[in-house]
Number of protein chains: 2
Amino acid sequence: MNLTGGRLVSRDALFLQPTMSHKPSLHTSISPALLHLYDLSNSVVVIIDVFRATSTIASALYNGARCVIPVDTVPKAIEISRNISGIAAGERDGMIAEGLSHGNSPLEYTREFIENKTLVLTTTNGTRLLQMALDRNADTIISGSFPNLSAVCDFLVSEKKNVVLGCAGWKDRFNLEDTLFAGAVIHQVAKHFTVHCDSSLMAETMFMKQKNKLHEFAPKLTHYHRLVERFGLIEDIKFCLTPDVANVLPVYAEGKLIAK
Amino acid sequence: MNLTGGRLVSRDALFLQPTMSHKPSLHTSISPALLHLYDLSNSVVVIIDVFRATSTIASALYNGARCVIPVDTVPKAIEISRNISGIAAGERDGMIAEGLSHGNSPLEYTREFIENKTLVLTTTNGTRLLQMALDRNADTIISGSFPNLSAVCDFLVSEKKNVVLGCAGWKDRFNLEDTLFAGAVIHQVAKHFTVHCDSSLMAETMFMKQKNKLHEFAPKLTHYHRLVERFGLIEDIKFCLTPDVANVLPVYAEGKLIAK
């Protein structure tokens, strides 16, 4: 029994090595309904809503929007945008929300349209998750999607803080596109962090399996199906899954996401 | 625009085909915290707690236990087992629970020990998920793990009802061993169901990637690490990941799991 005990302890010591190296931790929250399991107060939280809020935020800021103000309701979007002469935009269930004339397509926000303007955005999942991260006193909040993958990774490595990758999902359901993005981040930054969570292991494994065929894989996703009837969506999806085509870092402060 | 609309509609119709075939649905709940998203009232719910509750339940019933009574607290386990001259057993945080002399190892429940006896079992995650499924009026509750994989699949196919694969996780956190088992089930039964959920797609993809090396993959799992210091655990894990070594179907009725 001593022998067995000894063997197990040494195996365990080996396994624990990353924890003992005092690297910051990285966890992946695969649904907003699981966010409460993680300590956000000393973490950088990455809000991930690939189809399409955080892709749209990257697109608007990359094309020169002054800032993006995320809000939870359509009336609030309309009111705030009126007061500051901004653009009220958003979606509900994937469609342009009633009462708004601009939606949640990253391709709407060209430089010609959005430069030097403020976008006031309300969405089904991403905006809600951001509010949850605020309520849970996140240390720092940024937003990420494939279009700004490198900017997110560079920031996480430079900050040297704990990280929680927060997937927005769909009304609390797990979705794969957000998890695939989490996996892409983990694949790039893992060596700088202690990564010891099955969600992160799963996310990275799924990303590594699909990374060379993300566009071909997309039609299998429930969210792709949910959105596929909308005009122009296929181009949206291409954009949302393409790394670094809008490589800015949206950082949240005082009610606004601003390109850092 | 008509053309584009037409193309998208026909693509969508193709994608919807399984839904229109009126096969029952299959969903995977990857954490107890997500169980409320699924309608259990017309579903067979499979309770999955691979390390180790549902492996232990399969083992005990396979080896001739009269039934397994799942309970939520240690005092309840002791009281009930006294009244019926049963075996009180269970774990907390992976260890034999204080006050009990039998734990949650499937290897404890040999035929010599458990035949014709009643096992009163309390565990951290599996028992709790079962109670949640009861509270949500599940139509039918069974339990599954690799040791009884085929019995679970055969039953799901024969019942022709909707299915929710309920992963017990670890204190609401996602874990991979339960999801891998869900993936194994999906891989076997998918053609009999409408499977249109990212959790199920992920589970099957992860299982297909690891199916020939489950034992080699196990040391990467957080739960493996959590339990690895316990004496005998490696043999437990081998058992828990081996298909059909205790191929019974535990069905829940009137407070008991009985081999059907």
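Look up: the structure comes first, before these words.
Fair warning: this is a prediction, and the values are worked out from it, not measured in the lab.

Thresholds applied
- Residues numbered from 1 in each chain as written.
- Chains lettered and ligands numbered in written order.
- Predicted model: local features only at pLDDT ≥ 70, side-chain atom pairs only at ≥ 80, totals over all residues.
- Helix = DSSP H or I, 4+ residues; strand = E, 2+ residues; numbered from the N terminus.
- Buried ≥ 20, exposed ≤ 12 C-beta atoms within 10 Å, placed from the backbone.
- Contact = placed C-beta atoms within 7 Å.
- Axes fitted to C-alpha atoms, helices over the stretch in contact; angles between N-to-C directions.
- Parallel < 35°, antiparallel > 145°, perpendicular 65-115°, else oblique.
- Nonpolar A, V, L, I, M, F, W, Y, C, P; charged D, E, K, R; others polar.
- Core = buried A, V, L, I, M, F, W, Y, C linked by C-beta atoms within 7 Å.
- Pairing = 2+ DSSP bridges.

Draft legend 1. Broad picture of the overall build of chain A. A tally of helices and strands in chain A yields 11 helices and 10 strands. In terms of overall dimensions, chain A has a C-alpha envelope of 75 × 40 × 30 Å along the principal axes. Among the 260 residues that make up chain A, the fraction classed as buried is 54%. If you take every contact in chain A between residues at least 6 apart in sequence, the share linking residues at least 24 apart comes to 80%.

Draft legend 2. Quick peek at the packing of helix α7 (residues 176-189) of chain A against helix α8 (residues 198-210) of chain A. Residues and elements named next belong to chain A. The interhelical angle for the contact between α7 and α8, taken along N-to-C directions, is 90 degrees, at an axis separation of 7 Å. Relative to α8, the element α7 is oriented roughly perpendicular. Contacts between α7 and α8 pair Leu 176, Thr 179, Leu 180, Ala 182, Gly 183, Ala 184, Ile 186 and His 187 from the former with Ser 200, Ala 203, Glu 204, Met 206, Phe 207, Met 208 and Gln 210 from the latter. Partitioning the contact of α7 with α8 into residue classes produces 9 nonpolar, 5 polar and 1 charged.

Draft legend 3. Just helix α6 (residues 149-159) of chain A, in detail. Residue and element names in this part refer to chain A. Along α6, the residues that are buried comprise Leu 149, Ala 151, Val 152, Phe 155 and Leu 156. Contact partners of the buried residues in α6: β2 (43-48), β7 (140-144), β8 (162-167) and α7. Count one or two residues on from α6 and you reach Lys 160, which has phi positive near 60 degrees.

Draft legend 4. View of the nonpolar core. Core analysis: the biggest nonpolar cluster contains 172 residues, and A:Val68, A:Leu119, B:Val68 and B:Leu119 have the highest contact counts within it. Leaving out residues up to four positions away in the same chain, A:Leu119 has contacts with A:Ala60, A:Ala65, A:Val68, A:Gly86, A:Ile87, A:Ala89, A:Tyr109 and A:Ile114.

Draft legend 5. Up close: the environment of B:Ile234. As for its placement among the helices and strands, B:Ile234 is situated in helix α11 (residues 233-240). When the C-alpha atoms of B:Ile234 and B:Leu249 are compared, they prove to be 25 Å apart, with 15 residues separating the residues in sequence.

Draft legend 6. Spotlight on the pairing of strand β4 (residues 87-92) of chain B. All names here are of chain B. Where burial is concerned, most of β4 is hidden: 5 out of the 6 residues are buried. Taken together, the 4 bridges between β4 and strand β6 (residues 118-122) define a ladder with parallel strand orientation. Bridged to Gly 90 within β6 is Thr 122. With 2 bridges joining them, β4 and strand β5 (residues 95-96) adopt antiparallel strand pairing. Note on β5: the bridge partner recorded for Glu 91 is Ile 96. Here β4 folds back onto β5 in antiparallel fashion, the turn holding 2 residues, of which Asp 93 has a positive phi close to 55 degrees.

Function cannot be inferred from these measures alone, as they are strictly geometric.
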